[in-house]
Amino acid sequence: MSATEQLEIRRLDPAEVHAQLDALASVLHDCVAGGASVGYLTPFPYEQARAVFASFAVEFEQGRRLLLAAFAGGDLVGSVQVILALPPNQPHRGEIAKLLVHRSARRRGIAQMLMERAETEARAEGKTLLVLDAVTGDDAARLYGRLGWTTVGVIPRYALYPDGRPCDTTVFWKAL
Ligand SMILES: CC(C)(COP(=O)(O)OP(=O)(O)OC[C@H]1O[C@@H](n2cnc3c(N)ncnc32)[C@H](O)[C@@H]1OP(=O)(O)O)[C@@H](O)C(=O)NCCC(=O)NCCS
């Protein structure tokens with residue numbers, strides 16, 4: 001990917017998510033292959049990554065979850081989701097999930113752009129509070145700190161890396 005390629009963040013409607021399933025799955029597959037702790041263990045075949053995104057389809061269709069995609073020179077290279085449907089006593093709250101940028105597109109500010117747009121979209125959906133979690137001390141955790149998220153604390157050994165090693169998790173929140 002060249003540094004001059006145009007970057008674009010777009011909210012995908014359910015039909016577009018379906019049309020982009022292969023590209024979305026490729027990014028997830030690449031992130032797990034790179035050792036990211038985002039819910040899955042190796043071996044993590046491409047078909048499983050595709051099934052992950054396909055399994056969210058109903059939630060996108062019902063407006064329970066929204067997806068933002070990052071395009072570089074027209075190619076999908078990243079995505080993030082906002083979970084909108086939470087219990088009835090938390091209508092103002094959303095959750096950020098699965099911030100993913102392909103290794104070939106990193107360190108160009110794409111994750112930051114995705115997160116800024118996620119906040120904008122969440123606000124437009126009536127959300128005033130967002131929460132998320134990240135591997136403690138990881139690239140993503142640094143990004144959230146930079147973007148003004150507040151750290152709640154660290155849960156030791158909360159999750160596993162794809163190779164099965166445990167990792168600590170930091171929980172964050174941000175008021176919109
Ligand atoms: C975490 C992740 C999403 C970050 O994606 P990214 O697009 O590389 O993020 P950004 O480019 O916004 O920021 C990353 C770094 O690049 C730097 N950067 C941003 N634009 C830059 C530019 N134009 N030139 C040089 N550096 C730049 C940022 O300052 C940041 O630096 P730091 O690591 O020293 O803090 C990505 O590494 C990833 O997908 N990881 C695997 C999945 C994962 O862990 N997701 C998080 C789940 S909570």
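The residue numbering used here restarts from 1 in each chain and proceeds along that chain's sequence as written. Local features in this predicted model are restricted to residues whose pLDDT is 70 or higher, and side-chain atom pairs enter the listing and the counts only when it is 80 or higher, whereas totals over whole chains, interfaces and linings include all residues. In computing side-chain properties, one takes all heavy atoms of the structure into account and sets aside hydrogens as well as water.

Asks: Where do I start with the overall build of the protein in this structure?
Replies: Think of it this way: any DSSP run of H or I at least four residues long counts as a helix, any run of E at least two long counts as a strand, and we number them from the N terminus. When helices and strands are tallied, the protein shows six helices and seven strands. Scanning the protein from its N terminus toward the C terminus, one meets helices and strands in the order β-α-α-α-α-β-β-β-α-β-α-β-β. In terms of overall size, the protein behaves like a compact globule, its C-alpha atoms giving a radius of gyration of 16 Å where 176 residues would be expected to give roughly 16 Å. Overall size of the protein, expressed as C-alpha extent along the three principal axes, is 40 × 35 × 35 Å. Residue burial in the protein is summarised as follows: out of 176 residues, 40% are buried. Radius of gyration: C-alpha atoms only; globule rule: 2.2 Å multiplied by the number of residues to the exponent 0.38. We call a residue buried when its accessible area falls under 20% of the maximum for its residue type, exposed when it is over 50%, and partly exposed in between, using a 1.4 Å probe and counting protein chains only.

Asks: Explain the pattern of salt bridges here, please?
Replies: Between side chains of opposite charge, pairing is possible as soon as their charged atoms come close. The working definition used for a salt bridge is a side-chain nitrogen of Lys or Arg within 4 Å of a carboxyl oxygen of Asp or Glu. The tally for this structure, following the rule as stated, stands at 12 salt bridges. With its nearest N and O atoms 2.9 Å apart, the salt bridge here joins Arg117 to Glu121. Taken together, the residues Arg117 and Glu121, both in helix α5 (residues 110-124) and four residues apart, mark about one turn of the helix. For Glu121, a relative accessible area of 11% gives the class buried. Glu119 is the salt-bridge partner of Lys174, the closest N and O atoms lying 2.9 Å from each other. Residue Lys174 is located in strand β7 (residues 166-175), and its partner Glu119 is located in helix α5; the two are separated by 55 residues in the primary sequence.

Asks: Which parts of the structure should I look at to understand the packing of aromatic side chains?
Replies: Stacked, tilted and edge-to-face are the three classes applied to pairs of Phe, Tyr and Trp rings, where Trp contributes its six-membered ring and a pair requires centres within 6.5 Å; stacked means planes under 30 degrees apart, edge-to-face means over 60, and tilted covers the rest. For the structure on display, the rule yields five aromatic pairs. Judged by centre distance (4.9 Å) and plane angle (25 degrees), the rings of Tyr40 and Phe44 are stacked. You'll find Tyr40 and Phe44 in the same group, each marked buried. Both rings, one in Phe53 and one in Phe56, keep their centres 6.1 Å apart while their planes meet at 85 degrees; by these two values the pair is edge-to-face. Overall, Phe56 belongs to the buried group, its relative accessible area being 10%. Among the aromatic side chains, those forming a connected cluster through ring pairs are Phe53, Phe56 and Phe60.

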